Amino acid sequence: MKVAISTDGDYVSAHFGRCPSFTIVEIEGEKMVGRELVENPGHQPAFLPQYLSGKGATCIIAGGMGRRAEALFAEKGIETMVGVAGRVDEVIEKLTSGKLEGGESLCRPGAGRGYGVEKSECDHPEHGHDQPE
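Residues numbered from 1 in each chain as written. Predicted model: local features only at pLDDT ≥ 70, side-chain atom pairs only at ≥ 80, totals over all residues. Heavy atoms only, no water.

> Sorry, what's going on with the overall build of the protein chain here?
Along the backbone of the protein chain there are 3 helices and 6 strands. The helix and strand sequence of the protein chain, counted from the amino end, reads β-β-β-β-α-β-α-β-α. Looking at the 133 residues of the protein chain, the share that counts as buried comes to 41%. Counting only carbon and sulfur atoms, one obtains 45% of the accessible surface of the protein chain, whose full area is about 7300 Å². (Helix = DSSP H or I, 4+ residues; strand = E, 2+ residues; numbered from the N terminus. Buried < 20%, exposed > 50% of the residue type's maximum accessible area, 1.4 Å probe, protein only. Areas by Shrake-Rupley, 256 points an atom, 1.4 Å probe, with all protein chains shown as cover.)

Here is the structure:
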């Protein structure tokens, strides 16, 4: 299975569509057998589900995502897991061991900052990950 993780530096990005990059990992059993970092080609409505499907992703992990985006991923047969925060390496470790749990989206629909689209408010930590300044 291939999993795309919205990535901002070493951390899971709070906004899947506005992350600078995606970490795409290939998992077989309980092992990671491949890892690739790809730049986000841009946040355009309905584009990223198609793009990540073309990369072979069957699951997307992010801090936050809107309902429309989740529906578009579902149309492509891509599972979504939101409410995930922390270092990408730790998320991969939890994923391969079967211990990764999602939760509620970290952002309100329509609120966000970054990757070319500026909005006024977010409900996630200022830096988009659980790291003290």
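> Would you explain helix α3 (residues 88-96) in this entry?
Along an α-helix, a turn takes 3.6 residues, which lines up residues three or four apart on a common side. Buried within α3 are the following residues: V88, V91, I92, L95 and T96. Mapping the buried residues of α3 onto a view down its axis gives an arc of 130 degrees, with all of them on the same face. Considering only its buried residues, α3 is in contact with β1 (2-8), β2 (11-12), β3 (21-28), β4 (31-39) and β5 (59-61). (Arc of directions from axis to C-beta. Contact = heavy atoms within 4.5 Å.)

> Got a minute to help me understand the pairing of β4 in this structure?
The side chains of a regular strand alternate, first on one face of the sheet and then on the other. Across 8 bridges, β3 lies against β4 in antiparallel orientation. When the bridges of β4 are listed, T23 appears paired with L37. Counting the residues in the hairpin turn of β3 and β4 gives 2 residues, including G29, whose phi is positive at 65 degrees. (Pairing = 2+ DSSP bridges.)

> Mind showing me how you'd approach the confidence of the model for the protein chain here?
Regions with low pLDDT should not have their predicted coordinates read in detail. The predicted model of the protein chain averages 83 in pLDDT, with 80% of residues at 70 or higher. Within the model, pLDDT remains below 50 along residues 111-133, and this stretch shows 46 contacts once partners closer than five positions in the same chain are excluded. (pLDDT = per-residue confidence, 0-100.)

> So what exactly am I meant to see when it comes to the nonpolar core here?
Nonpolar side chains in soluble globular proteins tend to be buried together. Core analysis: the biggest nonpolar cluster contains 16 residues, and F16, F22, L52, I60, M65 and F73 have the highest contact counts within it. Broken down by secondary-structure element, the contributors of at least two residues to this core are β3, α1 (47-54) and α2 (67-75). (Core = buried A, V, L, I, M, F, W, Y, C linked by side-chain atoms within 4.5 Å.)

> Would you take a moment to explain the side chain of S6 for this structure?
Examined against the element boundaries, S6 turns out to sit in strand β1. Ignoring sequence-local partners within four residues, the contact set of S6 consists of Y11, V12, S13, F16, C19, S21, F22, I61, A62 and G63.

> Got a minute to help me understand the environment of G103 in this structure?
With respect to the secondary-structure elements, G103 resides in the segment after α3. For G103, a relative accessible area of 43% translates into the label partly exposed. Once the C-alpha coordinates of G103 and V84 are considered, the two residues, 19 residues apart in sequence, prove to be 6.9 Å apart. Each residue touching G103, except ones within four places of it in the same chain, is listed here: V82 and G83.

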